[in-house]
Amino acid sequence: TLPRKAEQNAGALEATDKFYQNAFEIISSPQTKKAFDLSAEKSQTRDAYGRHYFGQSCLLARRLVESGARFVTVSDGGWDTHSSNFKTLRTKLPPVDQGIPALIDDLQERGLLDTTLVVWMTDFGRTPVINANAGRDHSSTASYICMAGIGTPAGSVIGKTDPTATRTEGGEYYAHDVAATIYSKLGIPLDTSHVAPDGRPIWLCDGEPIKELMG
């Protein structure tokens, strides 16, 4: 008989193995391969998203959602502008300005926006003060997210900052509130819990949904 610790480790390895197996089956499935074939899209559609990495990634995200994927991440690095902020943004912003609206419009036209939540966010804000290297540093006191779909009120601006955009004014929302909002919109109960290998319960989220975004 294996000691309790060994049993726990064996169980964790087995679970990891299953995750890898599931991931491989998803990636190698004919349905996934079909979704990744962007050449099946009309040229006008690809142009609408933008013929750049970010735009085509957003188009791929729509195709994956359409094929049944439950969670899709589009990553776009290079935003850590501690130097040359304005020069960098002249390159970084246009693809985002094109890709995200195209994704939302496309989901809307295909009847998928009512069941798909689009969230654009990062891990912190940027300081409004420009540093000596013409850059913006990390800001932990104010940031923003953009959200669309599943009843999110269109065109709404929730919350505000002070005149210098350094700190929030009025109601404040935190990362666990954003998580609670996302889980609630997706129908995931906030009191869901998982049990750690040592028997400890791990609660899904202790935040509160942002009421203004719930629709």
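Every value quoted in this text rests on a predicted model; they were computed, and no experiment measured them.

A.B. asks: It is not clear to me how the environment of G99 should be interpreted in this structure. Could you clarify?
C.D. replies: Structurally, G99 is set in helix α5 (residues 85–109). Taking the C-alpha atoms as reference points, G99 and P201, 102 residues apart in sequence, are found 40 Å from one another. Discounting chain neighbours no more than four positions away, the residues touching G99 are Y49, F54, G55 and C58.

A.B. asks: Explain helix α4 (residues 53–66) to me, please; I cannot follow it from the model alone.
C.D. replies: It helps to recall that an α-helix has 3.6 residues per turn; residues three or four apart then point in one direction. Compared with an ideal rise of 1.5 Å per residue, which puts 14 residues at 20 Å, α4 spans 20 Å between its outermost C-alpha atoms and is within 8% of the ideal. Where burial is concerned, most of α4 is hidden: eleven out of the 14 residues are buried. Taken together, the buried positions of α4 are occupied by F54, G55, Q56, S57, C58, L59, L60, A61, R62, R63 and L64. Buried residues belonging to α4 abut α2 (30–35), α3 (43–49) and α5. A positive backbone phi angle near 110° is found at G68, which sits one or two residues after α4.

A.B. asks: Can you help me understand the packing of α4 against α5 in this one?
C.D. replies: Each packed pair of helices is defined by two parameters, the angle between the axes and the distance between the axes. Running from amino to carboxyl end, α4 crosses α5 at an angle of 20°, the nearest separation of the two axes being 8 Å. Classified by the angle between their axes, α4 and α5 sit roughly parallel to one another. The crossing of α4 and α5 is right-handed. Contacts between α4 and α5 involve F54, G55, C58 and R62 from the first element and P95, V96, G99, I100, L103, D106 and L107 from the second.

Thresholds, definitions, all that
- Residues numbered from 1 in each chain as written.
- Predicted model: local features only at pLDDT ≥ 70, side-chain atom pairs only at ≥ 80, totals over all residues.
- Heavy atoms only, no water.
- Helix = DSSP H or I, 4+ residues; strand = E, 2+ residues; numbered from the N terminus.
- Contact = heavy atoms within 4.5 Å.
- Expected span 1.5 Å × (residues − 1).
- Buried < 20%, exposed > 50% of the residue type's maximum accessible area, 1.4 Å probe, protein only.
- Axes fitted to C-alpha atoms, helices over the stretch in contact; angles between N-to-C directions.
- Parallel < 35°, antiparallel > 145°, perpendicular 65-115°, else oblique.
- Left-handed = near helix turned anticlockwise from the far one by under 90°.

Shape descriptors only; they carry no functional weight alone.
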